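Close look at the chain arrangement
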Amino acid sequence: MLVAGRIVFSERPEGQLVFERLKAAIDAALDAATSPQDKRDVVSGMRDAVIEAHAAVSGMRDDLARTEQELASEQRSLKDAERRGRLAREIDDQETVDVADRFVTKHKERIEVLEQKLEAQKAEIVLMQRELDEMKAQMKKVAGSSSVDSAWREIEAAGGARPETDVKDDLLKHQFDQAAREAQANAKLEALKKKMGR
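Everything in this summary refers to the structure shown in the same document. (Residues numbered from 1 in each chain as written. Predicted model: local features only at pLDDT ≥ 70, side-chain atom pairs only at ≥ 80, totals over all residues. Heavy atoms only, no water.)

1. Some remarks on the nonpolar core
In globular proteins that are soluble, nonpolar side chains generally tend to be buried together. Met-46, Val-50, Leu-71, Leu-132, Met-135 and Val-142 are the most contacted members of the largest nonpolar core, which totals 22 residues. At the level of secondary structure, the elements contributing two or more residues to this core comprise helix H2 (36-90) and helix H3 (94-144). (Core = buried A, V, L, I, M, F, W, Y, C linked by side-chain atoms within 4.5 Å. Buried < 20%, exposed > 50% of the residue type's maximum accessible area, 1.4 Å probe, protein only. Helix = DSSP H or I, 4+ residues; strand = E, 2+ residues; numbered from the N terminus.)

2. Examining the pattern of salt bridges
Within this structure, the stated rule accounts for 5 salt bridges. One salt bridge in this structure joins Arg-110 and Glu-70, with 2.9 Å as the shortest N-O distance. Separated by 40 residues along the polypeptide, Arg-110 in helix H3 and Glu-70 in helix H2 bring together distant segments of the chain. Since its relative accessible area comes to 36%, Arg-110 is described here as partly exposed. Owing to a relative accessible area of 30%, Glu-70 belongs among the partly exposed residues under this scheme. We note a salt bridge from Arg-83 to Asp-80, for which the minimum N-O separation is 3.9 Å. Of this pair, Arg-83 and Asp-80 are both found in helix H2, 3 residues apart, which corresponds to roughly one turn of the helix. Assessed through its relative accessible area of 32%, Asp-80 is described here as partly exposed. (Salt bridge = Lys/Arg side-chain N within 4 Å of Asp/Glu carboxyl O.)

3. With respect to the environment of Lys-117
With respect to the secondary-structure elements, Lys-117 resides in helix H3. Linking Lys-117 and Leu-64, residues 53 residues apart in sequence, is a C-alpha distance of 8.8 Å.

Just geometry here; none of it tells us what the structure is for.
See below:
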């Protein structure tokens, strides 16, 4: 993917989705919890979400280590190609020099891409770790609070909205559903037109 002239990589595109799913699960659990048993269920669900998030971050760190190994290997290959080109120049073997120069160019380009990938992975890990820390803090707050409602009051005081009291949320869901139905109808219409040869 190219973003603002830079290449952004993600070995685990599902990593971002994991965090979104986990946050949605926590929000849904908070919405449903009212009794002390519900509170324990919420905390248990949040704990499971935190464990899953830890696993995702760990996987991202493994991907980072693999990228570092690829980069080191590519840097060694670049040095070998440069050495071969230098030796070929010393014995005046132009064909080998040309081949070595092509490999030097290839390895330099690959190194540049891997360095960008490495930076993107590091930034992604920092972001996901921050979200994980927020999830942990939220879990501790819910586990330590006298009720889930007090946690919602804190969220609402900070500017958040409780879904069952947020009219805009229902309107937005309705608009998304309507847009999805219209897109599906348009797709069927286009397929029918194609089938009929129009």
